[in-house]
Amino acid sequence: MDAAATFTWAPPEFNLSRQPALAPWAGISEPFPHGDFPRSAKWCADGAAVLAQCEQRQFRLYSSDADTARAVSQPGPILDYAWYPTASPANPAAFCFVASVRETPVKLLDASDGRLRASYPIVDHRERQVAPHCLAFNMLGTRSCSSCLLYCGFEHAIEVFDIGRPGPGTRLPTSPSKKSRDGLKGIISALAFSPSYDSDFYAAGSLAATSGNIALFSGEEAVPTHYVDGGPAAGVTQLHFNPMRPHILYAAFRRRRALYSWDLRADTGTPLRVYASTPRGDDPHPSDTYQKRRFDVEIGGRFLGVGDQEGNVSIFDLSSEVDAAVDTTAKVPISTPCLTYKAHKDAIGGIAFHPTKPALLSVSGSRHFDMDESGSSSSSEEDLEDLEGDARSSGLRSVRHPTTRAAPLPRDASMKLWDLGVEFTMTDI
């Protein structure tokens with residue numbers, strides 16, 4: 001019998017009954033330049049490389065065969081990025097990613113050396129370059145497309161490109177006009193394709209702070225098939241389908257710590273479940289900022305992970321969704337984490353499960369204007385007044401210099417790889 005015919009894939013085996021340990025990987029322990037920090041990170045398809053988006057307008061690429069990161073600088077702020085779906089260092093032709101950089105065309109960059117392979121311009125009615133706020137690949141392709149399609153979300157529209165044909169794309173307005181109340185309004189800030197391989201079904205979310213700001217589309221149809229409602233009246237920051245249950249959709253919202261899920265086979269106007277760190281649910285937290293915090297679902301569709309503003313990672317068990325009864329009259333159930341642990345000393349911008357191993361990557365850092373060059377809190381106005389008073393009492397003449405606003409510094413700019421396996425046997429990725 002052919003050995004390939006007897007192969008059975010099994011998802012990674014997790015053990016969440018204990019606190020995870022740090023897994024060794026030399027590349028990610030490299031310090032970041034002064035004032036810089038990672039905002040998010042994503043694994044390539046086979047988990048052999050990690051791409052991190054950094055605050056100071058650059059990407060940092062980490063691979064298992066290199067001890068140092070490769071920096072790819074950009075001319076402007078980075079809005080979003082995405083690996084090519086089959087990206088792997090073992091396949092140089094597919095080892096690439098797309099990036100959205102402010103006021104420039106969408107770029108297809110070679111991950112081995114950072115060179116530009118192709119560009120995909122989006123031009124508005126004033127002939128200005130528009131950088132999309134979100135990017136997503138559709139592997140199916142349609143019409144005469146021989147390669148996958150790239151979907152780009154921006155204000156009131158989605159631009160679709162054939163990744164194999166650089167140049168102008170096809171525009172899909174998500175609303176008939178700016179004054180119309182129909183369609184999906186606002187900046188399209190999140191896109192996610194269903195992992196089902198027999199459909200080109202996808203979800204799109206906008207930054208409009210209204211309920212019902214998530215719509216479901218099919219292929220290159222500009223008219224939504226359904227709307228998803230029941231979440232908070234806040235902008236959508238991320239959408240994600242369950243890898244093993246493509247009818248389950250998850251969403252994160254601006255300044256909201258809880259994550260929401262919907263069963264798209266049932267009533268899309270009522271959430272299936274809310275995932276929150278406390279049983280209270282989605283109470284706004286006064287310390288929250290507008291910084292995005294990316295969550296992730298592991299490849300087996302069993303666990304969801306997310307970080308918070310205080311540097312904690314929370315992991316939720318998704319097994320309750322499998323046979324959950326749909327009752328539109330019942331209160332939406334709230335799930336609390338099955339594991340929470342302290343991962344960093346600053347806000348966690350994103351987490352990413354390894355695609356083939358029981359490991360989780362977390363990144364941290366945020367802007368703090370109360371930090372001095374040494375990384376500690378700077379002196380307050382009361383401290384300065386006390387120093388001036390001491391100078392006057394000793395007969396010294398004090399001169400108060402005008403204060404200038406210091407550049408923001410992170411409290412903890414780091415990336416960490418966590419071993420979530422059954423035993424502490426994690427080796428270098």
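Residues numbered from 1 in each chain as written. Predicted model: local features only at pLDDT ≥ 70, side-chain atom pairs only at ≥ 80, totals over all residues. Heavy atoms only, no water.

1. A few points about the sheet that holds strand β10 (residues 134-138)
Spatially, β10-β11-β12-β13 is the arrangement adopted by the 4 strands of the open sheet, whose pairing is antiparallel. Single-partner strands in this sheet number two, and they are β10 and β13 (170-173). Strand-to-strand, the axes of this sheet are offset by a mean angle of 25°, without reference to chain direction. Inspection of the sheet shows strand β11 (residues 149-154) paired to strand β12 (residues 157-162) by 6 bridges, in the antiparallel sense. Within β12, the position partnered with Gly153 by the bridge is Ile158. (Pairing = 2+ DSSP bridges. Helix = DSSP H or I, 4+ residues; strand = E, 2+ residues; numbered from the N terminus. Axes fitted to C-alpha atoms, helices over the stretch in contact; angles between N-to-C directions.)

2. Details of unusual backbone geometry
Phi angles above zero are rare outside glycine, and His156 is one such case at about 60°. In this model, Arg255 sits at a positive phi of 55°, which is unusual for a non-glycine residue. In this structure, Arg255 sits in the loop between β19 (248-253) and β20 (259-263).

3. Brief notes about empty space enclosed by the protein
In the structure shown here, the tally under the stated rule is 1 cavity of 30 Å³ or more. In this structure, the largest cavity occupies an estimated 240 Å³ of space. Along its surface, the largest cavity is lined by 22 residues, and Arg256, Arg257, Arg293, Val306 and Gly307 are the ones closest to its centre. The residue inventory of the lining of the largest cavity, partitioned by class, reads 8 nonpolar, 7 polar and 7 charged. (1 Å grid on protein atoms, 1.4 Å probe; cavity = no way out; pocket = protein on both sides within 12 Å on 5 of 7 lines; lining within 4 Å. Points joined across faces, edges and corners; volume = space filled by probe spheres on them. Nonpolar A, V, L, I, M, F, W, Y, C, P; charged D, E, K, R; others polar.)

4. Topic: the side chain of Gln53
Counting through the fold element by element, Gln53 comes out in strand β3 (residues 49-54). A distance of 3.0 Å separates the side chain of Gln53 from the backbone oxygen of Ile78, its partner in a polar contact. Setting aside chain neighbours within four positions, we find Gln53 in contact with Phe37, Pro38, Arg39, Ser40, Gln58, Phe59, Ile78 and Tyr81. (Polar contact = N/O pair within 3.5 Å; in protein donor to acceptor, adjacent residues only side chain to side chain. Contact = heavy atoms within 4.5 Å.)

5. A word on the pattern of salt bridges
A full pass over the atoms with the stated rule returns 14 salt bridges. In this structure, the salt-bridge partner of Arg294 is Asp80, at a minimum N-O distance of 3.0 Å. Of the two residues, Arg294 sits in the loop between β21 (273-275) and β22 (296-297) while Asp80 sits in strand β6 (residues 78-83), which places them 214 residues apart along the sequence. Both residues of the pair, Arg294 and Asp80, belong to the buried class. Of the charged contacts, one joins Arg128 and Asp124 as a salt bridge, the two residues approaching to 3.0 Å between their closest N and O atoms. (Salt bridge = Lys/Arg side-chain N within 4 Å of Asp/Glu carboxyl O. Buried < 20%, exposed > 50% of the residue type's maximum accessible area, 1.4 Å probe, protein only.)

6. Quick word on the nonpolar core
Ranked by size, the top nonpolar core spans 36 residues in total, and within it Trp83, Val98 and Leu150 carry the most contacts. Among the elements that make up this core, the one with the highest residue count is strand β7 (residues 96-101) (5 residues). Sequence-distant contacts of Val98, that is, excluding residues within four places in its chain, are made with Asp80, Tyr81, Ala82, Val106, Lys107, Leu108, Leu135, Phe137, Leu150 and Ile163. Core analysis: the second largest hydrophobic core is formed by 19 residues, Ala234, Val236, Leu239 and Tyr260 among them. (Core = buried A, V, L, I, M, F, W, Y, C linked by side-chain atoms within 4.5 Å.)

7. Focus: the layout of surface pockets
Put simply, the second largest pocket is a space of about 850 Å³. Those elements that place two or more of their residues in the lining of the second largest pocket are β2 (38-43), β3 and β6. A breakdown of the residues in the lining of the second largest pocket according to their chemical character gives 7 nonpolar, 11 polar and 8 charged.

8. Some remarks on the confidence of the model for the protein
Residues at a pLDDT of 70 or more form 83% of the protein, whose mean pLDDT is 85. A low-confidence stretch, residues 378-388 stays under pLDDT 50, and its non-local contacts, those more than four residues away or across chains, total 5 contacts. (pLDDT = per-residue confidence, 0-100.)

9. Concerning the packing of aromatic side chains
Applying the stated criterion to the full structure yields 19 aromatic pairs. When the centroid spacing of 6.4 Å and the interplanar angle of 55° are considered together, the rings of Tyr250 and Tyr275 count as tilted. Within this pair, whereas Tyr250 is found in strand β19, its partner Tyr275 is found in strand β21, the two being separated by 25 residues in sequence. Of the two residues, Tyr250 and Tyr275, neither departs from the other in class, the shared state being buried. A ring pair is formed by Phe253 and Tyr260, whose centres lie 5.7 Å apart and whose planes are at 85°; its orientation type is edge-to-face. Tyr260 shares its class with Phe253; the two are buried. Three or more aromatic residues joined by ring pairs make a cluster, and in this case those are Phe59, Tyr81, Trp83, Phe95 and Phe97. Lys42 extends its terminal NZ or CZ atom over the ring of Tyr81, reaching a point 4.4 Å from the ring centre. Geometry around Phe32 places Arg60 over its ring, the cationic atom sitting 4.6 Å from the centre. (Phe/Tyr/Trp six-rings, centres within 6.5 Å; stacked < 30°, edge-to-face > 60°. Lys NZ or Arg CZ within 6 Å of the ring centre and 35° of its normal.)

10. Here's the deal with the pairing of strand β27 (residues 348-353)
Of all 6 residues in β27, 6 are buried; the element is thus mostly enclosed. As defined by bridge partners, β27 adjoins strand β28 (residues 359-364) across 5 bridges and the pair is classed as antiparallel. Opposite Ala352, over in β28, you have Leu361 as the bridge partner. Where β27 hands over to β28, the hairpin turn is made up of 5 residues, counted between the paired strands.

11. Digging into the side chain of Ser335
If you trace the backbone, Ser335 turns up in strand β25 (residues 334-335). Not counting the four nearest positions on each side in its chain, Ser335 is found in contact with Arg273, Val274, Tyr275, Ala276, Phe316 and Ser320.

12. What to know about the sheet that holds strand β18 (residues 236-241)
Here we have 5 strands laid out as an open sheet, ordered β18-β19-β20-β21-β25, and mixed in their pairing. The sheet is open, and its two edges are formed by β18 and β25, each paired on a single side. Sheet analysis places β20 next to β21, joined by 3 bridges and oriented antiparallel. Its bridge partner being in β21, Ser261 is matched across the sheet by Arg273.

13. Notes on the environment of Ser277
With respect to the helices, strands and loops of the structure, Ser277 is situated in the loop between β21 and β22. As for Ser277 and Pro337, which are separated by 60 residues in sequence, their C-alpha atoms are 6.2 Å apart. In this view, Ser277 contacts Phe316, Thr336 and Pro337; residues no more than four positions away in its chain are not counted.

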